[in-house]
Amino acid sequence: MRIFAIGRNYAEHIKELNNERPDEPVIFTKPDTAILRNNAPFYLPDFSNDIHHEVELVLRICKEGKNIQEKFANKYYDAIGIGIDFTARDLQQKAKEKGLPWDIAKGFNGSAPISDKFIPVTSISDLKNINFSLTINGELKQQGNTSLMLFNFDFIISYLSKFFTLRTGDLIFTGTPKGVGAVKVGNVLSAYIEDEKLLEFEVK
Ligand code: MG
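Here's a quick rundown of the structure.

About the thresholds
Every chain's residues receive numbers from 1 upward, in the order its sequence appears when written. The predicted origin of the model limits local features to residues at a pLDDT of at least 70 and limits the giving and counting of side-chain atom pairs to 80 or more, whereas totals for whole chains, interfaces and linings rest on all residues. Only hydrogens and water are removed before side-chain values are computed, so all heavy atoms of the structure are retained for them. Sites may look incomplete, because water is not among the atoms used; the donor set itself consists of N, O and S atoms within 2.8 Å of the metal (3.2 Å for Na, K and Ca). Note on conventions: DSSP H or I runs of at least 4 residues are helices, E runs of at least 2 residues are strands, and numbering of each starts at the N terminus. Remark: exposure states derive from per-residue accessible area (1.4 Å probe, protein chains only) relative to the maximum for the residue type, with buried under 20%, exposed over 50%, and partly exposed in between. By salt bridge we mean one thing: a side-chain nitrogen of Lys or Arg within 4 Å of a carboxyl oxygen of Asp or Glu.

Considering the coordination of the magnesium ion
Each pair of donors in an ideal four-coordinate tetrahedral metal site encloses 109.5 degrees, whereas pairs in an ideal six-coordinate octahedral site enclose 90 or 180 degrees.
Now for step 1: The protein atoms that coordinate the magnesium ion are Glu54 (OE), Glu56 (OE) and Asp85 (OD), at distances of 2.0 to 2.1 Å.
Now for step 2: Along the chain, the residues that donate to the magnesium ion are spaced as E-x1-E-x28-D. A residue pair is termed long-range when its members are at least 10 positions apart, and Glu54 in the loop between β4 (51-53) and β5 (55-61) and Asp85 in the loop between β6 (77-84) and β7 (87-88) qualify at 31 residues. Assigned by exposure class, Glu54 and Asp85 land together as buried.

Now the structure itself:
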């Protein structure tokens, strides 16, 4: 399986990092070694002094496809989970300044904690109005709603599938709302879709 991710998909988050608003989705990938499951702890790596949390909804692909038209895209994902797109902001900043790839800043070991439970799309009444959030030690840090995405799920699937064949089991991180920030040892991160806590783990 592969992990695809969309950068800069929420306007308020683009502003907080002084980034340019993209005309097309910003795409990057993470290797499967980035995944953390079962609420396993995240160990702060020693190569960065600024690891940021980015809470994101994660789509699960249920059918192989390429060059998928937007109007058929909803047949290619069947469930939505939640994950953290951990980002070594200092390494990413250095790469951005030099126009170099972000891989080490985004794809390092453990950089993709993902909920074990995914919510079936069929049980979600409105995909364009899903609330999700992140608390740290009980304090609200990030809150998003899919109505605020620049590129919606169907557009993302269609766009990605022009370049990459999507396969069953692939995951897509769909972008983070504003409120990103650094994590510290001892932080407990809890991620919610609506009022349901789907992911909780400690930073060590
Ligand atoms: Mg992100």
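We are not done yet, so read on.
Here's the deal with the pattern of salt bridges
Now for step 1: Within the structure shown, the criterion is met by 10 salt bridges.
Now for step 2: The shortest N-O distance in the salt bridge between Glu54 and Lys106 comes to 3.3 Å. With Glu54 in the loop between β4 and β5 and Lys106 in helix α3 (residues 103-106), the pair connects residues that are 52 residues apart, well separated along the chain.
Now for step 3: Looking at Glu54, the relative accessible area reads 4%, which means it is buried.
Now for step 4: On the basis of relative accessible area, Lys106 is assigned to the buried category, the value being 4%.
Now for step 5: Salt bridges here are not isolated pairs; linked through shared partners, they connect Lys30, Glu54, Asp85, Arg89 and Lys106.

Describing unusual backbone geometry
Now for step 1: The backbone of Asn18 sits at a positive phi, close to 55°, despite the residue not being glycine.
Now for step 2: With respect to the secondary-structure elements, Asn18 resides in the loop between α1 (11-16) and β2 (26-30).
Now for step 3: When its relative accessible area of 72% is taken as the criterion, Asn18 is described as exposed.
Now for step 4: The residue Asn67 is not glycine, and still its phi comes out positive at about 45°.
Now for step 5: Topologically, Asn67 is positioned in the loop between β5 and β6.
Now for step 6: When its relative accessible area of 56% is taken as the criterion, Asn67 is described as exposed.

From the geometry alone we can't say anything about function, so treat these as descriptive.
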